[in-house]
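Each chain is listed here by its residues.
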Amino acid sequence: MTSAAGPVEDGDRRNVSDAAGVVVLGACAAWSLISAAVHDGRPEGVLLAILAVAAGYAAGRIGGALLPVAAPCAGAVAGVGLTLAVPHLAPGPQIITPLGHAGATAAVLTLSAGAACCAAWAASAPALRLGLRALAAGIAVTAGALGSTSGFVTCTAVVLCSLAAGHLRHRGVGIAGLALTAASVTGLTWAVAGNAVPGGLTDWLAGQLTRHRIQLWHDALHLAGQDPALGVGPGRFGELSTTATGTLLSDGKPHSAPLQQAAEQGLIGVILLAAAFCWMLFALWRTPRATPVALTAGAALTALAAIAAVGNALSFTAVSVGAGLLAGLATARPIVHGSQERDIDVRARGDRLTP
């Protein structure tokens, strides 16, 4: 068994991106403990999310190396099955379920669509590739059938981005565009929380996201201003937010990952959250996998970042595991028999996929 990539160059890339991931995730865990110690917070949720991402990433690296087509396909099917089987992930109205499960549904289906598209690019048989793309399109249809409008939009966007990725010669341009998209959505969320957007746009967003969610954003930004460096402590937003405390069946979350970090862990927490996302994009940029595989995974993770910026998706362990799993699958180095060695699955970064 041999790798289809050059051992020295590929090893250097993997070492750099892996070391960056260890540093970033370790810093996220350490900072949550520090901010919790200062303000008597509860860092367990943050630590669980970090552990879920790391575990998913490790599993993805192993599965992607051994089964570059079957592993992402299985992940896509598992994501759809989880959405259909677990009632709390259904986006429909549920009296006993707090706000936020619709975002988790959209996130899981988006990651599943991304995994199916990655499997399609990794497949060599045209019929299998077509079938996997049909699976990705079916996941988008499933999102629409479940009533998840955001899930349908993001799944469709991932499928279209995956098809467009096959025509990009240099992946750096695509990675930069994905980073800019995530930053734009986050900036818009922050502007809405600070009342820095025109009234008409705010009213339209309130109709789409509900006025209650925007009020939670206002509270998060207000709490962030009380201690910009450390925040109020992990897990304490629900105790200090007037909107959350005055709401029946509140889950104690502001339903925006960047604003939750700002409120509970301060500016440093926001920087670390951004660093975690940038690490995933950096790992995809450095991966020896084909450019369409890297950009497809990046598109799905960017869509997840957009969902998390306006929702509570990252509070669900399944979403954190799925994000790490997809990143691991797309950065794994497939192991193939030396007699069957091909470049289709493991082009060096910047190369265009060719038959």
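Residues numbered from 1 in each chain as written. Predicted model: local features only at pLDDT ≥ 70, side-chain atom pairs only at ≥ 80, totals over all residues. Heavy atoms only, no water.

Caption draft 1: Structural context of the overall build of the protein chain. Scanning the protein chain from N- to C-terminus turns up 14 helices and 2 strands. Pairs at least 24 apart in sequence give 78% of the contacts found in the protein chain among residues at least 6 apart. Carbon and sulfur atoms make up 70% of the accessible area of the protein chain, which amounts to about 15,000 Å² in all. (Helix = DSSP H or I, 4+ residues; strand = E, 2+ residues; numbered from the N terminus. Contact = heavy atoms within 4.5 Å. Areas by Shrake-Rupley, 256 points an atom, 1.4 Å probe, with all protein chains shown as cover.)

Caption draft 2: Here's a closer look at the side chain of Arg-236. One can find Arg-236 in the loop between α9 (211-226) and α10 (237-240). Within polar-contact distance, the side chain of Arg-236 engages the backbone oxygen of His-39 at 3.4 Å. Filtering out sequence-adjacent residues up to four positions away, Arg-236 remains in contact with His-39, Asp-40, Gly-41, Arg-42 and Glu-264. (Polar contact = N/O pair within 3.5 Å; in protein donor to acceptor, adjacent residues only side chain to side chain.)

Caption draft 3: Spatial organisation of the nonpolar core. Of all hydrophobic cores here, the largest spans 57 residues; its most connected members are Ile-139, Trp-279, Leu-284, Leu-301, Leu-304, Val-319 and Leu-326. Examining the composition of this core, we find that 12 residues originate from one element, helix α4 (residues 101-122), more than from any other. Not counting chain neighbours up to four residues away, the residues in contact with Leu-326 comprise Leu-111, Gly-114, Ala-115, Cys-118, Ala-297, Ala-300 and Leu-301. Counting 17 residues, the second largest nonpolar core, distinct from the first, contains Ala-191, Leu-205, Ala-206 and Val-232. (Core = buried A, V, L, I, M, F, W, Y, C linked by side-chain atoms within 4.5 Å. Buried < 20%, exposed > 50% of the residue type's maximum accessible area, 1.4 Å probe, protein only.)

Caption draft 4: Focus on the packing of aromatic side chains. Going through the model one piece at a time under the given rule, you end up with 2 aromatic pairs. Each ring, one from Phe-282 and one from Trp-285, has its centre 6.0 Å from the other, and the planes form 50 degrees; the classification is tilted. A residue pair is termed a helical-turn pair when its members lie 3 or 4 positions apart in one helix, as Phe-282 and Trp-285 do in helix α12 (residues 257-286) at 3 residues. Over the ring of Trp-121 we find Arg-133; its NZ or CZ atom is 4.6 Å from the centre of that ring. (Phe/Tyr/Trp six-rings, centres within 6.5 Å; stacked < 30°, edge-to-face > 60°. Lys NZ or Arg CZ within 6 Å of the ring centre and 35° of its normal.)

Caption draft 5: Structural view of a nonpolar patch on the surface. On the surface, Ile-62, Leu-66, Leu-67 and Ile-335 cluster together to form a nonpolar patch covering roughly 380 Å² of accessible area. Relative to the helices and strands, Ile-335 is located in strand β2 (residues 335-336). (Patch = residues over 30% accessible without salt bridge, like charges linked within 9 Å, V, L, I, M, F, W, Y side chains within 5 Å. Salt bridge = Lys/Arg side-chain N within 4 Å of Asp/Glu carboxyl O.)

Caption draft 6: Geometry of unusual backbone geometry. Positive phi, close to 55 degrees, is recorded for Asn-195, a residue that is not glycine. With respect to the secondary-structure elements, Asn-195 resides in the loop between α7 (171-193) and α8 (199-209). In this structure, His-255 takes a positive phi of about 60 degrees despite not being glycine.

Caption draft 7: Summary view of the side chain of Ser-256. Within the element layout of this structure, Ser-256 appears in the loop between α11 (242-245) and α12. Beyond its immediate stretch of four places on either side in the chain, Ser-256 contacts Thr-189, Trp-217, Ala-308, Ala-309 and Gly-311.

Caption draft 8: Representation of the pattern of salt bridges. One pass over the full model with this rule turns up 4 salt bridges. Between Glu-239 and Arg-42 there is a salt bridge, with the nearest N and O atoms lying 2.7 Å from each other. Here the residue Glu-239 occupies a position in helix α10, and Arg-42 occupies one in the loop between α1 (7-39) and α2 (44-66), the gap between them amounting to 197 residues. Among the residues examined, Glu-239 registers a relative accessible area of 42% and is labelled partly exposed. Taking the shortest distance from any N to any O, the salt bridge between Glu-239 and Arg-236 comes out at 3.5 Å. Within the structure, one salt-bridge network assembled from shared partners comprises Arg-42, Arg-236 and Glu-239.

Caption draft 9: Highlighting α9. For α9, spanning 16 residues, the distance from its first C-alpha to its last is 23 Å, which sits close to the expected 22 Å at 1.5 Å a residue. Every buried residue of α9 is accounted for by Arg-213, Ile-214, Leu-216, Trp-217, Asp-219, Ala-220, Leu-223 and Ala-224. (Expected span 1.5 Å × (residues − 1).)

Caption draft 10: Examining the environment of Leu-230 more closely. Counting through the fold element by element, Leu-230 comes out in the loop between α9 and α10. C-alpha separation for the pair Leu-230 and Ala-263, spaced 33 residues apart in sequence, amounts to 8.6 Å. Apart from the residues within four sequence positions on either side, Leu-230 is in contact with Trp-31, Ser-35, Val-38, His-39, Glu-264, Gln-265 and Gly-266.

Caption draft 11: Just the environment of Leu-284, in detail. As for its position among the elements, Leu-284 is in helix α12. Sequence separation between Leu-284 and Ala-332 is 48 residues; the distance between their C-alpha atoms is 9.8 Å. Beyond its immediate chain neighbours, meaning those up to four positions away, Leu-284 contacts Arg-171, Ile-175, Ala-294, Ala-297, Gly-298, Leu-301, Ala-330 and Thr-331.

Caption draft 12: How the structure looks around the confidence of the model for the protein chain. Per-residue confidence for the protein chain gives a mean pLDDT of 86, with 86% of residues at or over 70. Between the elements of the protein chain, mean pLDDT differs from a low of 38, seen in strand β1 (residues 2-3), to a high of 96, seen in helix α13 (residues 291-309). For the stretch residues 90-100, pLDDT sits under 50, and the model shows 21 contacts to residues farther than four places along the chain or on other chains. Scored below 50 in pLDDT, residues 337-355 shows 53 contacts in the model against residues more than four places distant or in partner chains. (pLDDT = per-residue confidence, 0-100.)

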